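Residue strings, one per chain:
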Amino acid sequence: MSALSINAERLLNRIRALGEIGRDSDGRLTRLAASDADKAGRDRLVQWLREAELEVVVDRIGNIFGIWRDAGNAENAPVLVGSHIDTVIDAGIYDGCYGVLSGLEVIQTLREAGTAPAHPIAVAAFTNEEGVRYAPDMMGSLVYAGGLSVDQALATVGTDGSVLGEELRRIGYAGADGPGFSKPHAYVELHVEQGPVLEREGVPIGAVENLQGISWQRVTIEGVANHAGTTPMSMRSDAGHAAARVIAFLYDRAMTSNTPTVATVGCIAFEPNAINVIPSRATFTVDLRDPDAERLRAEEAALASYLHDLAAAEDMTIATERLARFEPVTFDARIVGLIEEAATMRGLASKRMTSGAGHDAQMVARVAPAAMIFVPSVGGISHNPREYTTDGDLVAGANVLLDVVQRLAAD
Ligand code: HGY
Ligand code: MN
Ligand code: MN
Ligand code: MN
């Protein structure tokens, strides 16, 4: 492994600078995919890629690639590093951005050190990893990996009624190229853990060997609007109450099962949404996850059965719409081993682990050997402005990424 180390100050300054882009008047950071704030973040990233004298490519779904290739290796498939720079609502500054900016930092460090890798090295910022405005999440990397047609993705209608393709054109990131590279030599994604495991065990490096399955649905329950004051409880068809029963079912089931299944209802809306009207409609999202494919299917089936019985018992119409579904993924054992070796060579403890969050790596793993490196999240907090990772852990993770990329680029 190299004696090289990344330029810590340059990386940390960029993470903080990007973290300031997209803040609203209350200081909340939100860069939803293809929004003006996303454009501002993209523009800053492209500016850094150009300053680093990388070839910048934007593909048709707006994935941004910064490529370092020279005459000696241009015919070889690139080693790809990356993540995403779009965020959730009221986000932290590390989720995704840390992996993209560390990838850029690794390339700059290797170039400045005069190394001559056998493979080109590229950094990617994938479009719409979060999926908050346009479902599914990990959309840009899913298109890149051939799991979703780019035309279908571009036609996606967002939660605000916008169309992704039109928004990418509006912000100037509807590229001309097909989905990026046909197939990278390997892919490594560095990411904050977004969970409590590494911090709790005092381990600085996570060698992520698999990633749990994800199921996203939208549930719509049709009741009957009626007067909140005059309607006896026994005569109500209250969509709001029905939704509450579904949420309680999901939560109680996940809490009492001794499995790692997790269930979340993150979005809910009532119609007509008036204080004195019994809701005629409730629309909400269900996010189910489990590392085991069969258990995830069983959880989806249990929800479907509960909804069916509830609809019959309450004489309501309950419809579901699938928004995303990804099977659990096992990452490349060799790269996981390289991550552990790199950590050891740097005197860093490491731990093999499963990712609870979805990541672009789970999509790129469809077309190339892929794995992830995690660093600790303080308090296990993420998708929250209190998301934090210490500078020391950020730099350690980036140096492990540097070592692993150097090994892969020497293949
Ligand atoms: O949902 C996820 O796990 C990712 O943050 N998109
Ligand atoms: Mn992320
Ligand atoms: Mn995220
Ligand atoms: Mn991710």
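Predicted, not measured: the structure shown is a model, and the values here were computed from it. (Residues numbered from 1 in each chain as written. Chains lettered and ligands numbered in written order. Predicted model: local features only at pLDDT ≥ 70, side-chain atom pairs only at ≥ 80, totals over all residues. Heavy atoms only, no water.)

**Some details on the coordination of the manganese ion (ligand 3)**
Step number 1: Protein coordination of the manganese ion (ligand 3) is provided by Asp-95 (OD), Glu-130 (OE), Glu-130 (OE) and His-383 (NE2), with donor distances spanning 2.1 to 2.7 Å.
Step number 2: All donors of the manganese ion (ligand 3) come from a single chain, and their spacing in sequence reads D-x34-E-x252-H.
Step number 3: A separation of 3.5 Å is found between the manganese ion (ligand 3) and the manganese ion (ligand 2), which share Asp-95 as a coordinating residue. Of this pair, Glu-130 sits in the loop between β4 (121–125) and α4 (139–144) while His-383 sits in the loop between β14 (370–375) and α12 (391–409), and the two are 253 residues apart along the sequence.
Step number 4: Assessed through its relative accessible area of 43%, His-383 is described here as partly exposed. (Donors = N, O, S within 2.8 Å, 3.2 Å for Na, K, Ca; no water. Helix = DSSP H or I, 4+ residues; strand = E, 2+ residues; numbered from the N terminus. Buried < 20%, exposed > 50% of the residue type's maximum accessible area, 1.4 Å probe, protein only.)

**What to know about the domain arrangement of the protein chain**
Step number 1: Segmentation of the protein chain into domains returns domain 1 (8–211 + 329–409) and domain 2 (213–326).
Step number 2: At the interface, 15 residues of domain 1 touch eight residues of domain 2.
Step number 3: A buried area of about 730 Å², summed over both sides, lies between domain 1 and domain 2, and 65% of it is on carbon and sulfur atoms.
Step number 4: Taken together, the connections running from domain 1 to domain 2 amount to zero salt bridges.
Step number 5: Viewed at the interface, domain 2 and domain 1 are joined by one residue pair in polar contact (both at pLDDT 80 or more). (Domains from an automatic or database assignment. Contact = heavy atoms within 4.5 Å. Buried area = accessible area lost by both parts, 1.4 Å probe. Salt bridge = Lys/Arg side-chain N within 4 Å of Asp/Glu carboxyl O. Polar contact = N/O pair within 3.5 Å; in protein donor to acceptor, adjacent residues only side chain to side chain.)

**Here's the deal with the coordination of the manganese ion (ligand 4)**
Ideal values differ by geometry: the angle at a metal is 109.5 degrees with four tetrahedral donors, but 90 or 180 degrees with six octahedral donors.
Step number 1: Taken together, the protein ligands of the manganese ion (ligand 4) are Glu-129 (OE) and His-359 (ND1), with distances of 2.3 to 2.5 Å.
Step number 2: A separation of 2.9 Å is found between the manganese ion (ligand 4) and the manganese ion (ligand 2). Of the two residues, Glu-129 is situated in the loop between β4 and α4 and His-359 in the loop between β13 (350–355) and α11 (361–364); the sequence distance between them amounts to 230 residues. Grouping residues by exposure puts Glu-129 and His-359 together as buried.

**Concerning helix α10 (residues 333–345)**
Step number 1: Between the first and last C-alpha of α10 there are 18 Å, a value that for 13 residues agrees with the 18 Å anticipated at 1.5 Å per step.
Step number 2: Of the residues making up α10, those classed as buried are Ile-335, Val-336, Gly-337, Leu-338, Ile-339, Ala-342 and Ala-343.
Step number 3: Looking at the buried residues of α10, the elements they touch are β5 (186–192), β6 (205–211), β13, β14 and α12.
Step number 4: At the N-terminal end of α10, a side-chain oxygen is found 3.2 Å from the backbone nitrogen of Arg-334, two or three residues along, and the residue is Asp-332.
Step number 5: Where α10 terminates, the next one or two residues include Gly-347, which has phi positive at roughly 70°. (Expected span 1.5 Å × (residues − 1).)

**Quick look at the pairing of β5**
Step number 1: With seven of seven residues buried, β5 lies mostly within the body of the structure.
Step number 2: Here β5 shows no split at all, with Ala-186, Val-188, Leu-190 and Val-192 on one side and Tyr-187, Glu-189 and His-191 on the other all buried.
Step number 3: Looking at chain direction, strand β3 (residues 79–83) and β5 are connected through three bridges and run parallel. Paired with Val-79 across the strands is Ala-186, a residue of β5.
Step number 4: For β5 and β14, the ladder comprises six bridges, and the chain directions are parallel. The partner of Val-188 across the bridge, within β14, is Ala-371. (Pairing = 2+ DSSP bridges.)

**Examining unusual backbone geometry**
Step number 1: Backbone torsion omega between Ala-135 and Pro-136 reads 5°, so that peptide bond is classified as cis.
Step number 2: With respect to the element layout, Pro-136 can be found in the loop between β4 and α4.
Step number 3: Backbone geometry places Glu-53, a non-glycine residue, at a positive phi of 60°.
Step number 4: In this fold, Glu-53 is placed in the loop between α2 (36–51) and β1 (55–58).
Step number 5: Taking the relative accessible area as the measure of exposure, Glu-53 reaches 61% and is therefore exposed.
Step number 6: Despite not being glycine, Asn-273 has its phi angle at roughly 65°, a positive value.
Step number 7: Topologically, Asn-273 is positioned in the loop between β9 (268–271) and β10 (281–290).

**Quick word on the packing of helix α1 (residues 8–19) against helix α3 (residues 97–112)**
Step number 1: Running from N to C, α1 and α3 point in directions that differ by 150°, and their axes come no closer than 10 Å. Remark: the crossing between α1 and α3 carries right-handed chirality. Here Arg-10, Leu-11, Arg-14, Ile-15 and Leu-18 of α1 come into contact with α3, specifically with Cys-97, Tyr-98, Leu-101, Ser-102, Leu-104, Glu-105, Gln-108, Thr-109 and Glu-112.
Step number 2: Partitioned by chemical class, the residues of the contact of α1 with α3 number seven nonpolar, three polar and four charged. (Axes fitted to C-alpha atoms, helices over the stretch in contact; angles between N-to-C directions. Left-handed = near helix turned anticlockwise from the far one by under 90°. Nonpolar A, V, L, I, M, F, W, Y, C, P; charged D, E, K, R; others polar.)

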